[in-house]
Amino acid sequence: MKRDQKNARIGQVADLLKENDTFFLFNYNKMTVAQAVTLRKTLRKQGSALKVVKNRLALRALKAEFPDDFKAAFRKPTAMAYTAADPVALAKTLKDFAAQNKVLVMKGGIVQGRYVPAERFDEITKLASREVLIGKIAIMMAHPLTKLLKTLQAPLRNMALLLSQLKDKKPQ
């Protein structure tokens, strides 16, 4: 590969690292071409992508802000799954694919700017999706307001009940 081709590839990887905030690195050594195509299609459907990277070129594209542990993961054959969208969905897709095909070996990753070692990958897959977490936060924020509203309405409701009972009890 010529120097200008290498520089172009380094630029592509640097752009990927700049545009996306979530990356998972894995060893794809035993993956067949058919499996790789299947994984790429699955990732593409959810807004993610897969790129096989040459380690030396990827290390040149990495900037100083990436942790040394992440840089150390670029050994042996390395593929990078990345997304700018939901990192949990990407992690779950990779875990499902790895469970079905038994060919991926996780090396680590960056999730929204933070390094995640391979040992903690399963923790990410157990998280709920971003939308579900936002919904839970909204419910937790609305619950105290709902209780306050019910508390404020209770005296009026009790007064109406009392008047209704008095009306029924009063002889006509």
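One can find the structure itself at the top, above this paragraph.
Let me sum up the structure you'll find in this document. (Residues numbered from 1 in each chain as written. Predicted model: local features only at pLDDT ≥ 70, side-chain atom pairs only at ≥ 80, totals over all residues. Heavy atoms only, no water.)

## Side note on the sheet that holds strand E4 (residues 105–111)
- Here five strands make up an open sheet; going across it, the order is E2-E3-E1-E4-E5 and the pairing antiparallel. In the strand order of this sheet, the two ends are held by strand E2 (49–53) and strand E5 (114–117), each with one partner. Shown here is a sheet whose adjacent strand axes are inclined to one another by a mean of 20°, direction ignored.
- Where E2 meets strand E3 (residues 78–83), five bridges bridge the pair, whose relative direction is antiparallel. (Pairing = 2+ DSSP bridges. Helix = DSSP H or I, 4+ residues; strand = E, 2+ residues; numbered from the N terminus. Axes fitted to C-alpha atoms, helices over the stretch in contact; angles between N-to-C directions.)

## Brief notes about the environment of Ala61
- The residue Ala61 is located in helix H3 (residues 55–61) in this model.
- For the pair Ala61 and Gly11, spaced 50 residues apart in the sequence, the C-alpha separation amounts to 6.9 Å.
- Setting aside residues no more than four positions away along its own chain, Ala61 makes contact with Ile10, Val13, Ala14 and Leu17. (Contact = heavy atoms within 4.5 Å.)

## Focus: the nonpolar core
- Judged by nonpolar contacts, the single largest core of 20 residues is most densely connected at Phe24, Phe26, Met31, Leu39, Leu94 and Leu104.
- Only strand E1 (22–27), helix H2 (33–45), E3, helix H5 (87–101), E4 and helix H6 (121–125) provide two or more residues apiece to this core.
- Among the elements that line this core, the one with the most residues is H5, at four residues.
- With residues near it in sequence (within four places) discarded, Leu39 still touches Phe26, Met31, Leu50, Leu94, Phe97 and Leu104. (Core = buried A, V, L, I, M, F, W, Y, C linked by side-chain atoms within 4.5 Å. Buried < 20%, exposed > 50% of the residue type's maximum accessible area, 1.4 Å probe, protein only.)

Interpretation in functional terms is not warranted from these geometric data alone.
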